[in-house]
Amino acid sequence: MKSRLIKKIILPLVTISAVLASSVVLAARYPGIPAVTDADFYDDGVPSDEKVELGKQLFFDKILSGNLNDSCATCHHPMAWSGDGLSLPVGEGGRGLGITRDTGVGVDAIHERVPRNAPPVFNLGAREFIHMFDDGRVTIDPDPESISGFISPAGNQLPAGLDNVLAVQAMFPVTSGAEMAGQAGENDQADAAAANILAGPGGVWDLIAQKLQEIPAYVEMFKQVYPNEVFIAEDITYVQAANAIAAFEARDWRFDNSPFDQYLRGNRRAMSVNATKGMLLFYGRAGCSDCHSGAFQTDQQFHAVAMPQIGPGKGDNLPGYSDGHDDFGREQVTGDANDRYKFRTPTLRNIALTAPYGHAGAYNTLEAMVRHQLDSVESLHNYDQSQAVLPATGTALDDIDFIVMNDAVRRDAIAAATELDRISLKNRDVDALVAFLHALTDLNAVDLRRDVPATVPSGLPVWD
Ligand code: HEC
Ligand code: HEC
């Protein structure tokens, strides 16, 4: 009698209350993040179709580069999930796409490696992304007197009329010798870029606008998208181009329908049990959300996490060094030594698709990356260089790739700055964290071939 009572009444009650208790725990420990909505994005998520289409054509058109040999898509390609699959990108001079890209031959070969990883461009049309680039060198200017409304490396040269920080960002790749302009002496755009003449007649942006003005298909598109600004070809500006590029990035590369999003919208079974456990760890005991907070997993701030530094660096020098191979991150923008080795907390949306990871693309698997965040100092010192994805140049450039990582003094300096505590997790908890990160993948992002236009108005090749 007693045992039947236990079986029939008490056990079910215990089970029900356990389930209730765990969902109470879940609700209590769960950070209460609101689901992503249209209102979180510029233009409430619906820029005009014509503007998006123009932006897409420009994004894939090598006409924006000085030597007509690369486009934005070279480093942010749909086939590589809006990155390039490399640790560090191969800019103008290289040949091919994604991980098959080489470093070029003869006089056209690359002259330097681009010092930072080409990050994915997912969800950057959400208004909360107020800092562009790993060091946040593009942001909104709170000063009401500001001409452009933004702070950027162009200072007062930055023109008015840019829609948002994403559009401001699009002003810069075309001014970089290694990325899109080319070397001084090779073309007008490269000469202007090398002399830091960006705005005004003969500046980088004007030279590109002139190229666009000569292509009838672009003139028609610009007239249609900007009916109050563009009446004749000469009215076309690079600012309009940048605004259209931003509209394309914002709309077509918005991905907020992952299992995690469905979970936030109320489907508590959208994620696997393991991923749900990982979410609780992520927003709980593992401390990830101290920095990776909110629906996009970023506080939009800058933190030092002892990420391995590979490649040529950004011209910084620790005391005693003069080769410029360090990358001080946020300190480059603020000049404050307290910001040394700090980088912006990246969003983790679609993260399972976008290896390699970190500002120099040092880690090639999600698990290695997560294990770094759990024990950053150990992971930095034991970094396995073979996972770096760096197409060889066959020149002295290759000798610089691991110069910082092979130097204990430089490594120690990076390690000393880390803000991460060492966290000890069981292997199955690490698995759960990785499962959660996989639940941030929107299945619509898995195959992005639809984003590649068949042709572009300049007639330059699209698929190489
Ligand atoms: C040669 C490779 C290369 C090309 C070409 C290139 N980019 Fe990038 N892009 C990068 C790298 C590297 C970074 C990160 C640099 C940093 O943070 O210091 C970046 C950063 C960005 C970001 C900022 C992402 C973020 O989270 O802050 C956006 C947006 C972007 N690029 C769009 C573009 C557009 C638009 C173009 C064409 C006008 C373009 N890129 C051309 C390599 C490239
Ligand atoms: C102190 C703040 C902080 C904490 C805590 C933190 N992260 Fe990060 N995370 C960052 C920053 C900053 C970066 C980028 C650093 C860089 O590139 O140098 C990053 C990078 C990453 C990346 C690579 C993203 C990319 O696109 O390359 C992943 C994945 C990641 N973190 C996961 C986690 C997980 C999982 C946890 C918890 C175990 C965690 N992080 C804890 C700040 C933090």
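What you see is a predicted model; the values in this text were computed from it and never measured.

(A) A look at the side chain of arginine 116. Looking at where arginine 116 falls in the secondary structure, it is placed in the loop between α3 (72–75) and β1 (139–140). For arginine 116, a relative accessible area of 8% translates into the label buried. Polar contacts involving the side chain of arginine 116 include one to the side chain of aspartate 135, which spans 2.9 Å. Sequence-distant contacts of arginine 116, that is, excluding residues within four places in its chain, are made with Leu88, Pro89, Asp134, Asp135, Arg137, Lys314, Asp327, Gly329, Phe343 and His359.

(B) Representation of the coordination of the iron atom of ligand 2. Those donors, His292 (NE2) and Gln373 (NE2), are the protein atoms that reach the iron atom of ligand 2, and they lie 2.1 Å from it. Given six donor atoms and angles of 84 to 179° at the metal, the environment of the iron atom of ligand 2 is assigned as octahedral. One end of the pair, histidine 292, is in the loop between α11 (273–282) and β3 (302–304); the other, glutamine 373, is in helix α13 (residues 366–374), with 81 residues separating them in the sequence. Take histidine 292: its relative accessible area is 11%, and that puts it in the buried class.

(C) Structural view of the site of ligand 1. Around ligand 1, the structure places 27 residues, and the nearest of them are Cys72, Cys75, His76, Phe133 and Arg344. Histidine 76 places a polar side-chain atom, nitrogen or oxygen, 2.9 Å from a nitrogen atom of ligand 1. Here an oxygen atom of ligand 1 sits 2.8 Å away from a polar atom, N or O, in the side chain of arginine 137. Put simply, the parts of the chain that give the shell around ligand 1 at least two residues each are α3, α4 (165–169), α5 (177–181) and α9 (238–252).

(D) Geometry of α13. Buried within α13 are the following residues: Leu366, Met369, Val370, His372 and Leu374. Packing partners of the buried residues in α13 comprise α14 (376–381) and α17 (427–438).

(E) Representation of the domain arrangement of the protein chain in the model. Each domain of the protein chain was delimited in the assignment, giving domain 1 (42–83 + 119–254) and domain 2 (259–444). Here the C-alpha centroids of domain 1 and domain 2 sit 28 Å apart. In this complex, domain 1 contributes 15 residues to the contact, which on the side of domain 2 involves 17 residues. Surface buried jointly by domain 1 and domain 2 totals about 1500 Å² across both partners, of which 56% is contributed by carbon and sulfur atoms. On the domain 1 side of the contact with domain 2, His131, Asp134 and Asp135 bury the most area, a combined 37% of that side's loss.

(F) Spatial organisation of the site of ligand 2. Neighbouring ligand 2 are 22 residues; Cys288, Cys291, His292, His359 and Gln373 lie closest to it. In the model, an oxygen atom of ligand 2 is placed 2.6 Å from a nitrogen or oxygen of the histidine 359 side chain. Here a nitrogen atom of ligand 2 sits 2.8 Å away from a polar atom, N or O, in the side chain of glutamine 373. Secondary structure elements with two or more residues in the shell around ligand 2: β4 (342–344) and α13. Per-element accounting of the shell around ligand 2 gives the leading share, three residues, to α13. Among the residues making up the shell around ligand 2, the classes are represented as 14 nonpolar, seven polar and one charged.

(G) Just the environment of threonine 100, in detail. Within the fold, threonine 100 resides in the loop between α3 and β1. The exposure class assigned to threonine 100 is exposed, which follows from its relative accessible area of 62%. For the pair threonine 100 and aspartate 84, spaced 16 residues apart in the sequence, the C-alpha separation amounts to 9.7 Å.

(H) The arrangement of α17 in detail. With twelve residues, α17 should reach 16 Å at 1.5 Å per residue; the first-to-last C-alpha distance of 17 Å fits that figure. Of the residues making up α17, those classed as buried are Asp429, Val430, Ala432, Leu433, Val434, Ala435, Phe436 and Leu437. Those residues of α17 that are buried are in contact with α10 (259–264), α11 and α13.

Thresholds applied
Residues numbered from 1 in each chain as written. Chains lettered and ligands numbered in written order. Predicted model: local features only at pLDDT ≥ 70, side-chain atom pairs only at ≥ 80, totals over all residues. Heavy atoms only, no water. Helix = DSSP H or I, 4+ residues; strand = E, 2+ residues; numbered from the N terminus. Buried < 20%, exposed > 50% of the residue type's maximum accessible area, 1.4 Å probe, protein only. Polar contact = N/O pair within 3.5 Å; in protein donor to acceptor, adjacent residues only side chain to side chain. Contact = heavy atoms within 4.5 Å. Donors = N, O, S within 2.8 Å, 3.2 Å for Na, K, Ca; no water. Tetrahedral: all angles 85-135°; square planar, octahedral: opposite > 155°, others 65-115°. Near = heavy atom within 4 Å. Domains from an automatic or database assignment. Buried area = accessible area lost by both parts, 1.4 Å probe. Nonpolar A, V, L, I, M, F, W, Y, C, P; charged D, E, K, R; others polar. Expected span 1.5 Å × (residues − 1).

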